Every structure is written in C-alpha cells, then in structure tokens.
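A closer look at the structure
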Amino acid sequence: MGSIYDYIRVATFAIGPDGLISQWSSRAAEFFGVPADEAVGADPVTAFVPRELWQRGRARLDRILSGEEWVGTAPYRDADGGEGLAEVYLMPDSGTPGATCLAVDLGRLRRIETDLAASEAVFGQTPTGFFLFGLDLRLQRVNDAFAAGLGLPHAELEGLTPYDLFLPGEADRLMVALRKVLAGGEPMLDLRFTGAVPRTASPAVTAQVRDGVRSWAISLYRLNSSAGLPMGIAGQVLDVTSRHVAEREAAGVRRSLALLNEASTHIGSTLDLETTAKELLDVIVPQFCDLATVDLYTALLSGDSGPIAVRPGLSDGCGELRRVAVSSVVGGASSVFGAEGSVPVAEAGGTLCYPRRSPHARALRTGRSVVPQPGPDPLLRSTLVVPLVAREQVLGLVQLSRAIGSEPFDARDVAIAEELVARAAVCVDNARLYRREHERALILQRSLLPPGNPAATGLEIARRYLPSNNNTEVGGDWFDVIPLPGSRTALVIGDVMGRGLRAAVAMGQLRTAVRTLAMLELDPAEVLTALDEIARGLGGDTGAPGADSTELYLATCVYAVYDAVTQRCVFANAGHLPPVLLSPGEPARMLDVPPGLPLGVGGEPFEEVEVTLPDDAVLGLYTDGLVESRKHQLDEGLRAFRTALSNGSKQLEQLCDEVLHELIPHHGEDDIALLMAKVQPLPEDSVGDWRLPSEPTSVSKARELACSWLLVRGLDELVDTTELLVSELVTNALRHGRGEIRLRLLRDRTVMCEVWDDGYAQPRQRRAQETDEGGRGLQLVSLLAERWGSRRTPNGKIVWFELTL
C-alpha cells in the first residue's frame, strides 16, 4: 500500500531565530526543486515568494518569529520559475525563537478531491453492477446495482468470497481469474459465469430467474496505488440471464442471412431460365432442405410474346408447367408431397398439370405459400410449396421437402423460402424482359435524365432530348445539372459510344458516377480522370448475349462548374464537342477547351479552362447528334448551330426550340441532347464576404457580422442558429487551420455560410464520449443545419452549412 504523501505534495522545513531556513526536508527539496545544501541558510521570503510580495511576506515572518501562529494560502515559485499556490501552516517553536512550516500544494489537493468525488459518483450512480475485492479476495465494497441484482443488502455482501456467490465449479473459475489479474495486472473481460440465487435473496429477485440460476458477464481489472502496488481488484458485472435465448435466436438469424447473402451472389448470374432455376436449387439443397424442384409455365419457356403467366386469383392453377430443375439428397422418395395431393417425382424436362385441389394448384391460384399435411412417404417429414411471383405475375412454383430427422418447416423457414424464391422469380422474369431490350432501355435512359428544367443558382436552364429515328435501339446520350455548395452548379453532357441496352446501362453508370464525384468537390479535371478509370473498369464482360467481352466502354463528356458569385465557369473536356458561348452583342463562338481523349482510353491528363461569363450570356452544351449526320458534315452542322444561336430569341426556352427547328434537317440516326444555361447575375445584396485575422477576437467579430447581415435582410429567424454555427466553424478554423480566415454568406433558395482557412485537414464528425471535453461541435452543426460539408481549395479548405429560409 502507498503513503498519503504519494498522492499529495507536502513540504516541511524549519526557520531559525534569524529568519533563515535552518532545516530542509527531502519532500521540501522535491516540492520546491531546491536541494538542502542550497536551501539551508536562505531567506524563505526572497527565495520562494514573488518579488511583489516580499514586503508583506517579511512582515508576516517577523510576527511569526515573535510567537504568532498563521494559517493561510500563499503563492510560491519553484526552481523552474513556475508559480503555484500552497496552503501554508506556520507554527512558532515553543520556548525558542523560530518556526516550523508545513506547505501543501493546493492544485494537487483539489484534483484529488475532484477525482474522489467523480469516482464516488460513477460508483454510486451507474446502473451497472460494480464491486471491489480486497487483497484477501473478499468483497470489500459493492454498489447499489450489484446489491439489487442479488437481492441482498450491502452489509451481507461485504466479506463474502466467490464461493458464497457461485456454484463450486464457477467459484473456482472466478478465484483463478482473480488471482491471475491480481498477479499479472492484465484485465480480463466478458467472463461468463453461472451462479445460484442466494437463499436469502428477495422473493422479487428469485421470481425473475427460472430454477434459481442466473448468468453473469464479469470484467476484472487490478487497482494500483500511485506507486504501482496492487490495492485490490475491481469488477463490472452484467446480468445476461435473458441473453441466451436471444443468442440462439441471433444464431438462427445469422444462418438465414448467410443463406440470403449466398443467394444474392449466386442466383441470377445469367439471363437463362433453366440456369437460374438450377442456381436456386444449388443454394437451398442441402443447406435449407433435402429435396426441391422448380416448375415454370410452358408459355414462359416458349417465348410467347403474349401473356406468359397469370395474376394471382385469375387462374385455377391447373395450367401446364415444365419441371426445369430437380435436386435431391434423399434416395428413393416416391412422391414429393402427401395426403392433400401426392405427386410423383418428375424428371427435369417433363411436363405436368397439378390437380385442382392439390396444394400446388392452390399456391399457383392464390400466389401464396402452402404447407401441405404430411403424406405416406416414409422418407419425407415436411413439405413447402412456394409460388414464383414477380411483378404480380405467377411464373411457376418451387417445391421443397425435408427428410425424416430434420426439423419441420416453421414460420421463419417459410419467410426465408419466400425471400429466396422471390429473388429467383425476379431473375426469371428479367430473362423474359430481356427480349424487350429497346423499350426497357429507352425507359431507363429517359428516367436517368433530369425531370423538367432543374433549378440552378445564377442560371436559367433549358434542355431538350430527342431520340433517334432508329426504332430498334437507343443511344447513350445524357446530360445533368448538379447543384453544388457555395452557389455553384455542375453542368454535364456526355455520349456513350454505341447503341442499345449496353449503351443505356453504361450511360446510367457514368451519370451516377458523375453525381457521386461531383459531391466529393473535385475539380473538373479530377472528375474526368476518375470517370476515365471507371469507364475502363466497365469494359469487362457484361453478361449480355452477343456482347463482346473485350469491347471497351468509350464515352465523351464535358464537365463544367459555374460559380454564381464570381460568374466564372471552369471546363474540362474528354473528347466531346466544344461548348458554345453566346455573349450579349456578339455572335456565338466555340470555346477553346482542349478536347482531351474519350473516357475509357486513359493515358493522358485532362486540362481545365476558366472562362468568365458576362450577364445574360448563354452557354450551350450538346451531343454530336445535333450537328452531325451521314448527310451533313460536322463543320456544316456547327456553323448552323452558331447561326441559330446568334439569330435566336432572347427567351431561353424559345431559343432551344428555334435551334432544334433549324437543325432538325441534320437529325438522323443518333440521339440529340441539348443543355443550355443563361447567366442570371445574383442580386447585389445576396452575398456577404469578410476576411478576418487569425486571432481569438475574430470569433465574436464573425458572429457580429453574420447576425447583422441577416437582420438587414429580414432573416431574423435564422440569427440564433447562424450565430451558434458561425462561432463553431470560425473557432475550428482558428484551432485547426492557419492563416487568414474568410467568412462568406450567400442567400439564394437557402442561406449558406462558408468559412475559409489555409488548413488542409478536412473536418470529420465523430461520436464524442461522455467524458470527452470536445468533439461535439460538428455534431451540433449536423443537427441544426439543413446540410453541411467541406471542400478543398488551392490554398486550404472551406467548411460550409446551409439553413432553409
């Protein structure tokens, strides 16, 4: 055990009749950092008291040497020049002039008092059971939660050993664990123990536990003194009696999830009906059942262009089906199902019709699973019939059986089987729908284009899309308008080379990738570089019939980011036709944007070009179907496009229509995508921009500027929230960034606040623990703001948040 002096700093020394130090203890040497040979003979006032207090200190010392006792606090200075506060006890010596001095470091003492108070609070108030074993491995102390869990008062628990709490075998295990922790010092966590409820426990506790036995999870760790000597063992205990049932349930759920996960990766690898059925049986036999078959309506397999299945409730369930797959680990089964309608096991490829009153016909008729009564077959114990239903159409059914010795199907098994069969049904129906490639591809393409005219800060948007004259295939043209933080907008247009379902799917993948990359706040050249990598990664086997597995995904794209505050637009081009700019009072012209290589080629970096767009300027992005066809050369189409823009209406929507009307004769075998944006300058009072020095006073200054800006614009309801969040972001910029701080407020459809600094480290929201002193600022921003985030700048970063008006 350690001494009390190991925890608090205490110094003792003696002062002689001459007012000089006459004796100096080792703890005084440690306290003041001055050895005895230097301290003895020194003036205690001038040696350890700040200069401004020398006169008062000398007067006090004179009175003490005259016989006056004094207790109080006094500042002192150690050997390193640091100042502290000590509580001093000065007692004159009896009989002879002189005094004895006792000094205690108040800072250390207050910390010990705080730690003791915190420990008492945690020990007494936590709902978790805590206990302390002494060096003799007997309980010294328990908290209320531990005593309540056992139903015994504290007094009866103190002094007990593990053998008083647990059965002999479990008590031996706990004793071994206690000795191991006490000897080695390494904690032991989540030890499981089972013990009988004490005979003296309250009836309420005994009634909660079946058979008078409870289970606990115990964690142990050694308590050490400040000198590192063992003082005992502390432990935390959790009652886990009710957890065993939950664990068994969880194990069953994990098995079910594993089966579903395997189904997700295994079923539907091709668009072949028979292969999909066999993949389903590979998953469920024998992992889920012992025998299974798959039957599909013959119309589905014949490729009939008319209705190939029926909706639940509209059929008698007696239609002709073909058995496309059989899998069994049961030898000699004579029939699949029993008393309600036994059916002989059919070979794969055979056709059959189920009797009207059979469970199979009922499942086909209702679209719901059926569990028939057991039949006469001695090898099978339980059977389940699940219809194959996709998009509200019954395509066939799956029959599953478990042999004698297996558990019968329960409600959870039925749900799992229905989920597995539902996934297989979707794959089967996808194979049927694949024949309607053009219709589905066209729907996909149009669904991926922005609906209507998307809203953009500082821009009026108009767009047009016209499919080609080819009625059998669709192209991969796409465009997008993506709002970005900071009153910026990304304008995108692209064209996947090729036609058909493959081009439409590739277009959807690239468009999704563009939106994802745009949210990462990458520069236009970086976006195209990442898209190039993605396009090259899409060049593998698509699994589509007739697709060349070695063919590359190639696409052209223009990606531009427009800043409504500065009216600057940054372009990057990947092999696409150049943008067109129509400035007021000038003819339309092609922007000189380096074309770059198409996406999917790789090997060359993309370049960026920044252009300032004047008020009311019109920017045009388009695909080659607008300006090129077999009958018209590209140069001719570009010239006609520029002429149509220059001579067109001032209204953007009407201008779009006029451009298409002029260039329709050029329209041929390719799709047309046209995206036009007209610059609309922001109101003069919509932006507030300030630069602040990197000093603490900037926090209050930023709050004042932001609140004043909002009040002038009548946005009083946002003042309190903005003041709080601005304070947090500017404080973070001071603490984690460097250099000058910039504060900018933008008003559009929302109010956005941006804080700029020269630090490159991006903020990251984390979950603060209860004992953490910080880490909650970004949680507060996330809670109060509509959105928040950060983005890189050439010289640092911007952290922003948005508030709805």
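Here we summarise the structure given alongside this text. (Residues numbered from 1 in each chain as written. Predicted model: local features only at pLDDT ≥ 70, side-chain atom pairs only at ≥ 80, totals over all residues. Heavy atoms only, no water.)

1. Let's talk about the overall build of the chain
Summing up its helical and strand segments, the chain has 22 helices and 30 strands in all. Buried positions account for 46% of the 805 residues belonging to the chain. In the chain, the share of contacts with a sequence separation of at least 24, taken over all contacts with a separation of at least 6, comes to 62%. For the chain, the exposed area adds up to about 39400 Å²; of that, 52% sits on carbon and sulfur atoms. (Helix = DSSP H or I, 4+ residues; strand = E, 2+ residues; numbered from the N terminus. Buried < 20%, exposed > 50% of the residue type's maximum accessible area, 1.4 Å probe, protein only. Contact = heavy atoms within 4.5 Å. Areas by Shrake-Rupley, 256 points an atom, 1.4 Å probe, with all protein chains shown as cover.)

2. Considering the nonpolar core
Ranked by size, the top nonpolar core spans 37 residues in total, and within it I284, F288, V294, L388 and L400 carry the most contacts. Put simply, the parts of the chain that give this core at least two residues each are α10 (243-266), α11 (273-284), β11 (291-297), β12 (321-328), β14 (380-390), β15 (393-403) and α14 (411-433). A per-element tally of this core places α14 first, with 10 residues. (Core = buried A, V, L, I, M, F, W, Y, C linked by side-chain atoms within 4.5 Å.)

3. Quick word on helix α19 (residues 652-663)
An ideal rise of 1.5 Å per residue puts 16 Å on 12 residues; α19 measures up with 17 Å between its terminal C-alpha atoms. When α19 is considered as a whole, its buried residues turn out to be L652, L655, C656, V659, L660 and L663. An end-on view of α19 places all buried positions within 135° of arc, on one side of the element. Residues of α19 that are buried sit in contact with β16 (459-466), β24 (618-622), α18 (634-646) and β25 (672-679). (Expected span 1.5 Å × (residues − 1). Arc of directions from axis to C-beta.)

4. Some thoughts on the sheet that holds β14
Taking strand neighbours across the sheet as the criterion, the five strands line up as β13-β12-β11-β15-β14 in an open arrangement whose pairing is antiparallel. In this open sheet, the two edge strands, each paired with only one partner strand, are β13 (351-352) and β14. Here helix α13 (residues 359-366) sits on the sheet in contact with β11, β12, β14 and β15, set at roughly 145° to β15. On the sheet, α14 packs against β11, β14 and β15 and is oriented at approximately 40° with respect to β14. (Pairing = 2+ DSSP bridges. Axes fitted to C-alpha atoms, helices over the stretch in contact; angles between N-to-C directions.)

5. Topic: the environment of F131
Take F131: it is sitting in strand β6 (residues 129-133). With 105 residues separating them along the chain, F131 and Q236 place their C-alpha atoms 6.6 Å apart.

6. Re the packing of aromatic side chains
This model, assessed by the stated rule, comprises five aromatic pairs. On the numbers, 5.4 Å between centres and 80° between planes, the contact of F131 with F133 is edge-to-face. For F133, a relative accessible area of 3% gives the class buried. Aromatic side chains F131 and F146 sit 5.5 Å apart centroid to centroid with 55° between the ring planes, which places their arrangement in the tilted category. One end of the pair, F131, is in strand β6; the other, F146, is in helix α6 (residues 144-150), with 15 residues separating them in the sequence. Residue F131 is classed as buried on the basis of its relative accessible area, which comes to 3%. Assessed through its relative accessible area of 11%, F146 is described here as buried. Grouping aromatic residues by their ring pairs yields a cluster made of F131, F133 and F146. Over the aromatic face of F288 sits the side chain of R402, whose NZ or CZ is 5.0 Å from the ring centroid. Between R742 and the ring centre of W756, over which it is positioned, the NZ or CZ distance is 4.2 Å. (Phe/Tyr/Trp six-rings, centres within 6.5 Å; stacked < 30°, edge-to-face > 60°. Lys NZ or Arg CZ within 6 Å of the ring centre and 35° of its normal.)

7. With respect to a nonpolar patch on the surface
A cluster of nonpolar residues, L724, L783 and L784, forms a patch on the protein surface that exposes about 280 Å² of accessible area. Note on placement: L783 falls in helix α22 (residues 777-784). (Patch = residues over 30% accessible without salt bridge, like charges linked within 9 Å, V, L, I, M, F, W, Y side chains within 5 Å. Salt bridge = Lys/Arg side-chain N within 4 Å of Asp/Glu carboxyl O.)

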